[in-house]
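Spelled out, the chains give:
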Amino acid sequence: MAFADVAEVASIEALSTASPWSEDSFRIELRNAAARCRVALCDGRIAGFLVAWRVLDETQVAELGVHPDFRRRGLGRLLVSEAMEEARSRGSSAARLEVREGNAAARRLYESMGFVSVGRRPKYYEGREDAILMDKKI
Ligand SMILES: CC(C)(COP(=O)(O)OP(=O)(O)OC[C@H]1O[C@@H](n2cnc3c(N)ncnc32)[C@H](O)[C@@H]1OP(=O)(O)O)[C@@H](O)C(=O)NCCC(=O)NCCS
């Protein structure tokens with residue numbers, strides 16, 4: 001992801017979650033040495049993105065989105081698997097993430113990639129929806 005991509009990335013983010021990151025949030029991550037920000041390109045368009053943080057020997061998947069026009073084509077899986085491969089090559093031994101309890105699509109994606117539920121943060125999202133914590137050894 002480059003600074004020039006941020007407006008398009010933020011527009012995908014706005015279509016993807018009830019509490020979207022702002023453009024500035026993505027710019028902050030592009031300047032954050034602990035963050036890895038990637039985009040998926042499809043037919044010259046930005047079709048999806050992923051932001052991950054390296055925390056000691058762990059990698060946290062912070063944000064992931066695929067434009068609705070490009071969903072169910074394997075891009076979400078590709079973004080996560082490339083992020084896991086990069087994390088492994090940089091010495092991470094585990095990956096972590098939080099996902100809304102009601103986000104069946106994302107939970108199924110993560111489960112199919114070997115993430116397992118390890119906990120829950122009650123009413124984490126907007127004071128209403130629980131977060132499910134998921135881990136994967138890499
Ligand atoms: C979750 C998301 C990133 C998936 O991206 P995607 O590119 O459509 O996913 P993929 O095509 O790689 O799908 C991989 C697997 O995930 C699961 N999956 C994806 N979308 C699904 C859906 N709508 N319903 C059920 N399972 C789904 C399936 O197991 C799928 O494999 P299959 O197509 O072989 O059945 C996308 O739906 C999205 O951007 N959602 C809004 C933002 C979001 O939820 N981000 C994650 C926050 S934690």
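Everything quoted here is computed from the prediction, not taken from an experiment.

Asker: Help me understand the overall build of the chain, please; the structure alone is not making it clear to me.
Answerer: From N to C terminus, the chain includes four helices and six strands. Counting from the amino terminus, helix and strand elements in the chain follow one another as α-α-β-β-β-α-β-α-β-β. Relative to its length of 138 residues, the chain is compact, with a C-alpha radius of gyration of 14 Å against a globular reference of 14 Å. Along the first, second and third principal axes, the C-alpha set of the chain runs to 35 × 35 × 30 Å. Within the chain, the proportion of its 138 residues that are buried is 41%. For the chain, the proportion of contacts with a sequence separation of at least 24, taken over those separated by at least 6, is 55%. Of the roughly 7700 Å² that the chain leaves accessible, carbon and sulfur atoms contribute 49%. Taking the average location of the 22 positive side-chain charges in the chain and that of its 21 negative ones, the two points are 4 Å from each other.

Asker: How do you make sense of the side chain of Ser 92 when you look at a structure like this?
Answerer: Structurally, Ser 92 can be placed in the loop between helix H3 (75-89) and strand S4 (94-100). Note on Ser 92: relative accessible area 4%, which makes it buried. For Ser 92, the side chain forms a polar contact with the side chain of Thr 59, separated by 2.7 Å. For Ser 92, the residues in contact, after removing those within four places along its chain, are Arg 54, Asp 57, Glu 58, Thr 59, Ala 87 and Ile 138.

Asker: Hey, could you run me through the packing of helix H1 (residues 6-16) against helix H2 (residues 23-31) in this one?
Answerer: Viewed as axis vectors pointing N to C, H1 and H2 meet at an angle of 125 degrees, and their least axial separation amounts to 9 Å. The angle between H1 and H2 places the two elements in the oblique class. As H1 runs across H2, the sense of the crossing is right-handed. Of the residues in H2, those touching H1 at Val 6, Ala 7, Val 9, Ala 10 and Glu 13 are Glu 23, Phe 26, Arg 27 and Leu 30. Its residues assigned to classes, the contact of H1 with H2 shows six nonpolar, no polar and three charged.

Asker: I keep staring at the packing of aromatic side chains and nothing clicks. Help me out?
Answerer: Two aromatic rings are characterised by how far apart their centres lie and by the angle between their planes. By the definition in use, this model includes five aromatic pairs. Residues Tyr 124 and Tyr 125 carry aromatic rings whose centres are separated by 5.1 Å and whose planes lie at 85 degrees to one another, so their mutual orientation is edge-to-face. An aromatic cluster is present here, built from Trp 21, Phe 26, Phe 49 and Trp 53 joined pairwise through their rings. One Lys or Arg, Arg 121, reaches over the ring of Tyr 124 and ends 5.7 Å from the middle of that ring.

Asker: So what exactly am I meant to see when it comes to the pairing of S4 here?
Answerer: Successive residues of a regular strand alternate their side chains across the two faces of the sheet. Most of S4 is tucked away, with five of its seven residues classed as buried. Where the polypeptide runs from strand S3 (residues 58-66) across H3 and back to S4, its parallel neighbour, the crossover connection is right-handed.

Asker: Could you clarify how one ought to interpret the sheet that holds strand S5 (residues 116-125) in this entry?
Answerer: One key point about sheets: their strands pair by backbone hydrogen bonds, in either a parallel or an antiparallel sense. With mixed pairing, the six strands of this open sheet are ordered in space as S1-S2-S3-S4-S6-S5. Each having just a single partner strand, strand S1 (35-42) and S5 make up the two edges of the open sheet. Averaged over all pairs of adjacent strands, the angle between strand axes in this sheet comes to 25 degrees, irrespective of strand direction. Two strands pair when backbone bridges link them, and S4 and strand S6 (residues 129-137) are joined in this way by seven bridges, in the antiparallel orientation. Counterpart to Arg 100 in the pairing with S6 is Ala 131. The strands touched by H1 are S1, strand S2 (45-55) and S3; relative to S2, the strand with the most contacts, the crossing angle is about 85 degrees. Where H2 meets the sheet, its contacts fall on S1 and S2, and the angle it forms with S2 comes to roughly 55 degrees.

Procedures and definitions
- Residues numbered from 1 in each chain as written.
- Predicted model: local features only at pLDDT ≥ 70, side-chain atom pairs only at ≥ 80, totals over all residues.
- Heavy atoms only, no water.
- Helix = DSSP H or I, 4+ residues; strand = E, 2+ residues; numbered from the N terminus.
- Rg over C-alpha atoms; globule rule 2.2 N^0.38 Å.
- Buried < 20%, exposed > 50% of the residue type's maximum accessible area, 1.4 Å probe, protein only.
- Contact = heavy atoms within 4.5 Å.
- Areas by Shrake-Rupley, 256 points an atom, 1.4 Å probe, with all protein chains shown as cover.
- Lys, Arg positive; Asp, Glu negative; His and termini not counted.
- Charge placed at Lys NZ, Arg CZ, Asp CG, Glu CD.
- Polar contact = N/O pair within 3.5 Å; in protein donor to acceptor, adjacent residues only side chain to side chain.
- Axes fitted to C-alpha atoms, helices over the stretch in contact; angles between N-to-C directions.
- Parallel < 35°, antiparallel > 145°, perpendicular 65-115°, else oblique.
- Left-handed = near helix turned anticlockwise from the far one by under 90°.
- Nonpolar A, V, L, I, M, F, W, Y, C, P; charged D, E, K, R; others polar.
- Phe/Tyr/Trp six-rings, centres within 6.5 Å; stacked < 30°, edge-to-face > 60°.
- Lys NZ or Arg CZ within 6 Å of the ring centre and 35° of its normal.
- Right-handed = clockwise from strand over helix to strand, strands pointing away.
- Pairing = 2+ DSSP bridges.

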